[in-house]
Each structure stands twice: as C-alpha cells, then as structure tokens.
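Structure assessment
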Amino acid sequence: MRKKSLAAVPPVYGAARNKQSRVRNKRRSVRLCGVCLGLSVAVTACGTDGRGGGGQAASEIQSVQDEQQSQSAGNIQDEQDTQDTGNVQAGQNEQEAAGTQKEEEIRKQVLAEMSEEQRNWMGGLSKEQRLADFESLCDGLRENYPYVKLAKRQAGADLDVLEKDYRTKVEQCTCDDVFYDVLKDFIGEFSFTGHLDLWGRRYESELASWRERVKEPGQEIRYKPYVDALDNPVSHRTYASMTKYYQEMECRMEEKRTKENGGARVEAAEAASVVETVEEEAPANVETKILEQGKTAYVFIDAFDFEQMEADRKILLPFYEEVGDYENLIIDITNNLGGSMRYFDELVTAPLTKKTLTVPGYQLFKDGENNETFLRIKEGAASGLYQPVSELPAMPELNREDAADCDWFWREDYVVEPAGDGFDGKIWLLVSENNYSSAEYAAVFSKESGFATLVGRTTSGDGIGTDPVYLILPNSGLVVQYSPMYGVTADGVGSEACGTVPDIVSPEGESALETCLRQIEQEL
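Fair warning: this is a prediction, and the values are worked out from it, not measured in the lab. (Residues numbered from 1 in each chain as written. Predicted model: local features only at pLDDT ≥ 70, side-chain atom pairs only at ≥ 80, totals over all residues. Heavy atoms only, no water.)

1. Here's the deal with the overall build of the chain
- Counting its secondary structure elements, the chain contains 19 helices and 15 strands.
- The buried share of the chain, taken over its 524 residues, is 49%.
- The long-range fraction of contacts in the chain, counting pairs at least 24 apart against all pairs at least 6 apart in sequence, stands at 81%.
- Roughly 24,400 Å² of accessible area belongs to the chain as shown, and the carbon and sulfur atoms make up 47% of that amount. (Helix = DSSP H or I, 4+ residues; strand = E, 2+ residues; numbered from the N terminus. Buried < 20%, exposed > 50% of the residue type's maximum accessible area, 1.4 Å probe, protein only. Contact = heavy atoms within 4.5 Å. Areas by Shrake-Rupley, 256 points an atom, 1.4 Å probe, with all protein chains shown as cover.)

This is the structure:
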C-alpha cells in the first residue's frame, strides 16, 4: 500500500509492531460488543459475528431516555446500591492487596532458599562482565537512540545521571538475577519512550516470527538484520536459562502455596486474590453494531493484530458493504495499543476511501553503529534516500534540540489507494491516550489526510517510524529494543513527543463515543 523508495534498503516501516510490547495497566471495561455497558446509547444487534441483519430500527436516543426515566424512579435505592458497591469494591481491593503482598512474601522466601549458583542463570557473569554490558547499553543508547533528550524532558530520565546511579547498583549485584532486575529498573526509568524495553521471555517467539518474515518473497534483505542480531549463541543460552529459571521459581512458589493451604493446590491467579472472581471471556478483536438503522454504524477494533487480519477481513468488508449508504461510520480504536500499520491500511482505510490518500512523514535518526546494522545508513545516504538533518525543510513545530541530536532524515510518504467502492458518508475515528505505535499511526494518518474526523482524547504517540531494532548486550545476550527513528509530521510535530490531538476533544467524564453521537445529533 505504501510507496517505498529503494525498497531493498532499510527495514523501516512498522509492519508488525507487537501489541505485547506495551503493557496495558488498566482493566478492560465490561463491553457489549465493544460498546461500554451503561453508555447512553441503545444499539441494534448485528449478530455475534458482526455480519448479521439488523433487528428493530428504534431510535437509540429515545430508548435511552426511556431507560433513564425508569431508572430515575429508583434514585434513592441506586444511591444505596452505589454506596454498597463502593464498600464491596474497597473490601475487594484490600483483599487483593493482601493476596498480592502474600505472593511477594512467598517469592522472597523462594529466592532466599535458592543458592547464588541457582540464581546465576546467565552463566554467572563476573562483575567486570556486568559492568561491560551496562556500559555497552548506555553507549548504545547515547549513539543510536533518538529519544535521549525527549526522555529527559518527559520522563525525567537523564541518561548521564542514571548511568552514574545505576553503575553503582550494577557493581553491587550479587548474582545474574539481581543484575537483570537492575537493568529492568534502569530501562523502566525511560517509561517506554520510543519503545525502549528490556526483553523478558519472548525471545524465542520473536525470533521465530522474524524467521518466518524473512521467508516472505522479496523480504530477505529487509528482515535479515533482525534475524542475524537475535540468532546468536549467547542470547539463545541466556533466554533458555531464563525460561528454565522462572519455571523453577514458579514451581517452588506453587509448592509453598500448596503447603500453606493444607495440601490443596492453589493456582497463582487465585493466590494473588482472596476474592472469588469470574473471568470474563476475552472479547473479539473486531465487533460491529448498527447504532441507528440506515444512519449510523459502529466498528470496534481492539488491536491492529497482523495475525487476525484474515479473520477480521471476513467481518469488516461485508459490514462495510452492508452500511455503504449510511450517513455515519464510527470506528472505535480507543482501547487499541497498536499492532500492524498494514492492518489499518488494508482493512480500514483502503476499503473506505474513495480517493488516494497521501501523508508525508519525516524520520530522523542517529548515525550510530547499531543503527547502521538495521538501517544500512551508508547505502541509503549514497543513494540519496537519506539526507543530512541540516537539509530538513522548514518545519515550524520541529523541536530543534531533538533534531540537532540526530544526523540523518528520511522522508516517507504514507500512501493508501482505494480498494473498493468506498464510503460516501462521514467517517469518525474514536481515539484515546491508549493509542500508541501503529494505533497512533492510524490517528495521525486519518487526521493529516482528512480520511476521518478524530474524536476523543490526545493519543500517546510514536506512530511515524519503524519496527523497533535491537541492542544485544555482549556478555549476557540480553535484548534491548528501541525505535531508531524520531518521527515528525510535515510541520515538524513529534509523533512520540506530542501524539495526535483529536479534532473534537471529549469533555471530562464523557466517552469518545458519547461525544461523537452528540456531535452527530448537532450536525443534523
């Protein structure tokens, strides 16, 4: 879908950003096919697979008004119910906290019983080797990571200061396990700015994924640096040992739970919470609704999951045909953390646009040795694809300090061409602070191209850029990922720094969907 210059050169578009790379730290609201329960709209069901017929075409507004009138009669009882619910929730929170604290106590007991040798799952690195790895990490970030200054401003992560503080902690490490925790805390100081992250046990699955991608026609040059970087004996050994180590720890913790429970086995999830809970079934990735027959349709997309594309295609494309003559199509990505830019291009933009859409993006990067491995800077510069940062066009919103920290830039035009009849009505894109990575790309592309009207809250950023690349620590083989590209719009607005401000901002206490429906009513 996107036009590429010198396609054989860099692996530099985020075709498969992993949703797991960012942790969702809040519980998902209970939803009815993507629409929050209690939301002030009534919807007409389309069938569980999102493709079924309509149902009755009653106005959702009237339905809600009727429901609200009915509920208002019981306001006093509602207030009492709310108070009771709050008390129960407070009790549950206290019990959950106690359960979590108990788990931590068990973990500490297990660690105390393990020998230093058992906790040296990286092979027992020497003090000098740990320090060398830490220095390699800091030097690698300083030379390749384009968000050093931004992380200092936004996350308070001053690399120079942190290097001094954490060097002392590394010197004091007594075993490999403690060293890993220190590195994890160090990386955590940067608050995931520019996808910066220390890998845990996903090494094998990530390597397997890159091995599959490198087999795709015409993609060997592009993906081979990823495979080559990860597929080394030190990392293989370390992550195999890590998996074995944590499995052993989990077994020992389970034994202690069982013993303390009088011989009955207790699952970890139950041990962490005394409260009996009912786990809701994971919602579908794509869900569709008719909000008002013949007028307003709704699509919820939980993630731009590359592996879900074919399954979701069978839901989305028929639904677009079904509602092709509607006045409004609402696409809700408020819970979407990202995934694949290709998903948004192929399953959202291309089927719905009636004209070719082009959004220019600029990617700034450092001339570091690690970046050369993945971006092939010398080749790109020689071909004219990469240009010196000093030759950037005028950008009124560009952060000059951040730009001065980079050496090269690459202009990439994100292009999506029509792949269907298109949608004649108005398209609305619901966004939120959850949107990052490829979900941010969806927001910035939609706004800059005019594809959709954005409603909700400012997104979290890093949507103009590339797949994260890897720093491999030489002695431990641990993998640290980061985005090598500092992405900006044509005006110079930093994607990671600023995110995307919606066209219509939801007031405090109002959901993006509520704001959108209110706006639709006002435009009648």
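2. What to know about the sheet that holds strand β12 (residues 469-472)
- Strand order in this open sheet of 3 strands is β3-β13-β12, and the pairing throughout is antiparallel. Two strands close off the open sheet at either side, each with one partner strand: β3 (197-198) and β12.
- In the sheet, β12 pairs with strand β13 (residues 479-482) via 4 bridges, with the strands oriented antiparallel. Bridge pairing links valine 469 to tyrosine 482 in β13.
- Helix-sheet contacts for helix α9 (residues 220-230) involve β12 and β13, and the interaxial angle to β12 is about 25°. (Pairing = 2+ DSSP bridges. Axes fitted to C-alpha atoms, helices over the stretch in contact; angles between N-to-C directions.)

3. Concerning the nonpolar core
- Of all hydrophobic cores here, the largest spans 67 residues; its most connected members are Leu137, Tyr145, Phe186, Phe190, Leu364 and Leu478.
- Ile301, Phe319, Leu357 and Ala443 belong to the second largest nonpolar core, which has 41 residues in total. (Core = buried A, V, L, I, M, F, W, Y, C linked by side-chain atoms within 4.5 Å.)

4. Here we look at the pairing of strand β11 (residues 453-456)
- Burial of the side chains of β11 extends over both faces: Thr453 and Val455 are buried on one face and Leu454 and Gly456 on the other.
- Alignment of strand β10 (residues 426-431) against β11, held across 4 bridges, turns out to be parallel. Directly across from valine 431, in β11, lies its bridge partner glycine 456.
- A crossover connection joins β10 to the parallel β11 through helix α17 (residues 438-449); in handedness this β-α-β unit is right-handed. (Right-handed = clockwise from strand over helix to strand, strands pointing away.)

5. A few points about the pattern of salt bridges
- Tallied over the entire structure, the rule returns 33 salt bridges.
- One salt bridge in this structure joins aspartate 177 and arginine 119, with 3.2 Å as the shortest N-O distance. A residue pair is termed long-range when its members are at least 10 positions apart, and aspartate 177 in helix α7 (residues 176-188) and arginine 119 in helix α3 (residues 116-119) qualify at 58 residues.
- Classification of aspartate 177 by relative accessible area gives buried; the value is 3%.
- One continuous salt-bridge network, built from bridges that share partners, spans Asp139, Arg142, Asp160 and Glu163. (Salt bridge = Lys/Arg side-chain N within 4 Å of Asp/Glu carboxyl O.)

6. Notes on the packing of aromatic side chains
- By the definition in use, this model includes 28 aromatic pairs.
- Between tyrosine 145 and phenylalanine 190, the ring centres sit 6.3 Å apart and the planes meet at 85°, which makes this aromatic pair edge-to-face. In this pair, tyrosine 145 is assigned in the loop between α4 (127-144) and α5 (148-155) and phenylalanine 190 in the loop between α7 and β3, connecting sequence segments 45 residues apart.
- A relative accessible area of 1% places phenylalanine 190 in the buried class.
- Ring centres of tyrosine 386 and tryptophan 410 lie 6.4 Å apart, and the angle between their planes is 75°; this geometry places the pair in the edge-to-face category. (Phe/Tyr/Trp six-rings, centres within 6.5 Å; stacked < 30°, edge-to-face > 60°.)

7. Concerning the sheet that holds strand β8 (residues 387-388)
- Here we have 4 strands laid out as an open sheet, ordered β8-β9-β7-β14, and antiparallel in their pairing. Two strands bound the open sheet, and with one partner strand each, they are β8 and β14 (486-488).
- Across 2 bridges, the pairing between β8 and strand β9 (residues 408-416) is antiparallel. Paired with glutamine 387 across the bridge in β9 is phenylalanine 409.
- Of the strands in this sheet, β7 (357-365) and β9 are in contact with α17, which crosses β7 at around 130°.

8. Topic: the side chain of serine 449
- Here serine 449 is to be found in helix α17.
- Here the side chain of serine 449 touches phenylalanine 451 through a polar contact of 3.2 Å, landing on its backbone nitrogen.
- If we skip the residues at most four places from it in the chain, serine 449 touches Leu357 and Val359. (Polar contact = N/O pair within 3.5 Å; in protein donor to acceptor, adjacent residues only side chain to side chain.)

9. Considering the side chain of asparagine 120
- For asparagine 120, the position within the fold is in the loop between α3 and α4.
- Here asparagine 120 is in contact with Arg130, Cys175 and Asp176, once residues within four sequence places are set aside.

10. Comments concerning the confidence of the model for the chain
- The share of residues in the chain with pLDDT of 70 or more is 77%, and the mean pLDDT across the chain is 82.
- Between residues 268-279, whose pLDDT stays under 50, and residues either more than four places distant or in other chains, the model counts 16 contacts. (pLDDT = per-residue confidence, 0-100.)

11. Notes on the packing of α4 against α7
- Two elements in contact, α4 and α7, have axes separated by 11 Å at closest approach and are oriented at 15°. Our classification of the angle between α4 and α7 gives roughly parallel. Crossing hand, α4 versus α7: right-handed. Facing Arg130, Asp133, Phe134, Leu137, Cys138 and Leu141 of α4, the residues of α7 in contact are Asp176, Phe179, Leu183, Phe186 and Ile187.
- Along the lines of polarity and charge, the residues of the contact of α4 with α7 split into 8 nonpolar, no polar and 3 charged. (Parallel < 35°, antiparallel > 145°, perpendicular 65-115°, else oblique. Left-handed = near helix turned anticlockwise from the far one by under 90°. Nonpolar A, V, L, I, M, F, W, Y, C, P; charged D, E, K, R; others polar.)

12. Considerations on the packing of α4 against helix α6 (residues 159-171)
- It is the contact of α4 with α6, at a shortest axis distance of 10 Å, that shows an interaxial angle of 165°. Overall, the two elements α4 and α6 adopt an arrangement that is roughly antiparallel. The hand of the α4/α6 crossing is right-handed. Every residue of α6 that contacts α4 at Lys127, Arg130, Leu131, Phe134, Glu135, Cys138, Leu141 and Arg142 is listed here: Leu159, Asp160, Leu162, Glu163, Tyr166, Arg167, Val170 and Glu171.
- For the contact of α4 with α6, a count of residues per class yields 8 nonpolar, no polar and 8 charged.

13. Thoughts on the environment of glutamine 154
- By the element assignment, glutamine 154 lies in helix α5.
- By relative accessible area, which is 47% here, glutamine 154 ends up partly exposed.
- In this structure the C-alpha to C-alpha distance between glutamine 154 and serine 191, which are 37 residues apart in sequence, comes to 9.0 Å.
- The residues touching glutamine 154, leaving out its near neighbours within four places in the chain, are Glu496 and Ala497.
- Here the side chain of glutamine 154 touches alanine 497 through a polar contact of 2.8 Å, landing on its backbone oxygen.

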